[in-house]
Structures are given as C-alpha cells and as structure tokens.
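# Descriptive analysis of the structure
In case you want the letters, here they are:
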Amino acid sequence: MEIKKSPKADLKNKRGLLLEIGLVVSLLLVIGAFSYTPKEKRIEKVDLQAPIVEEQIVEITRQDQKPPEPPRKVEVKVIADLLQVVTNDTKITTEVDFTEFDEDVEVVQTVGVEEEVVEDDQPFLIAETMPSFQGGDLNTFRAWVQQNVKFPQIALENGIQGRVVLSFVIEKDGRLTNIQVLQTPDRSLSEEAIRVLSKSPKWTPGKQRNQVVRVKYTLPVDFRVQN
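We now turn to the structure provided with this report. Treat the numbers as computed from the prediction; the structure is a model and nothing was measured.

### So, the environment of F124
Looking at the element boundaries, F124 is found in the loop between α1 (15-35) and α2 (138-148). Through-space distance from the C-alpha of F124 to that of Q208 is 8.9 Å; in sequence the pair is 84 residues apart.

Right under this line is the structure:
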C-alpha cells in the first residue's frame, strides 16, 4: 500500500511564510540593537597647563660639636696643722667637761611645743565648749523658735506644711549670722523661719583651746497644722 502525504501537512508549501517571519524577527533584532544606548561615561581631562609648585628644599644645618673639655685637675691639700703627733707620755688637755656624762647626773631634754593657732574664718561643727542659748543648748533655742514662729497665711490657705531645715553660725560675739535654707516645702515657710532666727538674742559663744571660736549649727523648724 502506498503512503501519500496530505497537501495541508506538507511544509514545503509554507516556506514563504516561514521566510517572512524570519525576516521580521531579524529586522526587529537589528532595530532593537540600534535603539539601545549604553550609559555615558565622562572622562575628566587633565589640565596639563597647571603651574608646577616646586618644593623648597631646606638645608639641614648641623651645629659644630665642640670637643669635650679636658678633665680639670683637682689638687688635694693636706692640712698638717690639724694633726699633731705626740708621744704616749704627753698629757692632752681639753675644754670638754666630762661631768656632763656622769651617771648620777639626770639629763633633761626640752622640746619646744608650738601652740595650735585656731583659724578665725572657719567655723567649727563641734567645739570643746559649745555655744549656749539662755543657759541651754540647741534644743532650748529650737523651743524658742517654735514659740515665736507664725504659720504663714498663704501656706495655711493652700494646705502647705512640713519641715524647714536651716543652718547658721554663732559668731565670737554671740550673734547669729549666715542663715541658709537647706530644705523647705515652700518659700513662705522658709521666709518665716529666717525672720525668727534673724531676731535671735545673743548666744554665749563656743570655745576651742580656751579661745573663742565660731560654731555652725543645723536646725529643723516644723510647720504643722493642729486639728
């Protein structure tokens, strides 16, 4: 039996179409290759006419080294007057009193002791004799402050209360100075405490080594509203 091809399945009839498709694809590739532009690269041109800076060569100067000085001659003189050769029979007299070295004599060595100078400007925190207020101590003064202090009206209206801590110095003449506020819940309370302390009577000043000195104190003042 003879096998025959169908005219529709014969590829020879489609040569022209395949050729046209190949030409179109080739043309598209050529057009795409020409349309592609690579990125431009800039090359800086070196200015060959720029002036050349010549470096100045500094000559290295060397100081002439002096030759070492010859060693000096040192003459040693023997003082013959200090040495006197005598025989064993010769008696030697001396001005030294050997009674000072007697065993029965008591040698007393005196050592000078410098008195301690107390600085006037630096206040003491603890002195040998602390200042006294009206015959009492710091607690007596605190009770006097609590009796004379008045609760500020502005703090009472705003419900402000608490403890004010102050520091002060008792001078050599008994005056109370250098009042400083260390802690306060409100300015009105600290101002009232300062007002009372500034009106303090004179104290009996403190002493250190029998000298009147300045002494520094720290005092808390309580502002409490009693129901």
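### Overview of the sheet that holds strand β1 (residues 162-170)
One open sheet holds the 3 strands; their spatial order is β2-β1-β5, and the pairing between them is antiparallel. Each edge of the open sheet is held by one strand with a lone partner, namely β2 (176-183) and β5 (215-223). Geometrically, the sheet is characterised by an average inter-axis angle of 25° between neighbouring strands, direction not taken into account. Pairing analysis gives 9 bridges linking β1 to β5, with the strands arranged antiparallel. Bridged to R163 within β5 is D222. Its contacts with the sheet put α2 on β1, β2 and β5, and the angle it makes with β5 is roughly 40°. Strands β1, β2 and β5 of the sheet are contacted by helix α4 (residues 187-198), whose axis makes an angle of about 35° with β1.

Cut-off values and rules
Residues numbered from 1 in each chain as written. Predicted model: local features only at pLDDT ≥ 70, side-chain atom pairs only at ≥ 80, totals over all residues. Heavy atoms only, no water. Helix = DSSP H or I, 4+ residues; strand = E, 2+ residues; numbered from the N terminus. Pairing = 2+ DSSP bridges. Axes fitted to C-alpha atoms, helices over the stretch in contact; angles between N-to-C directions. Contact = heavy atoms within 4.5 Å.

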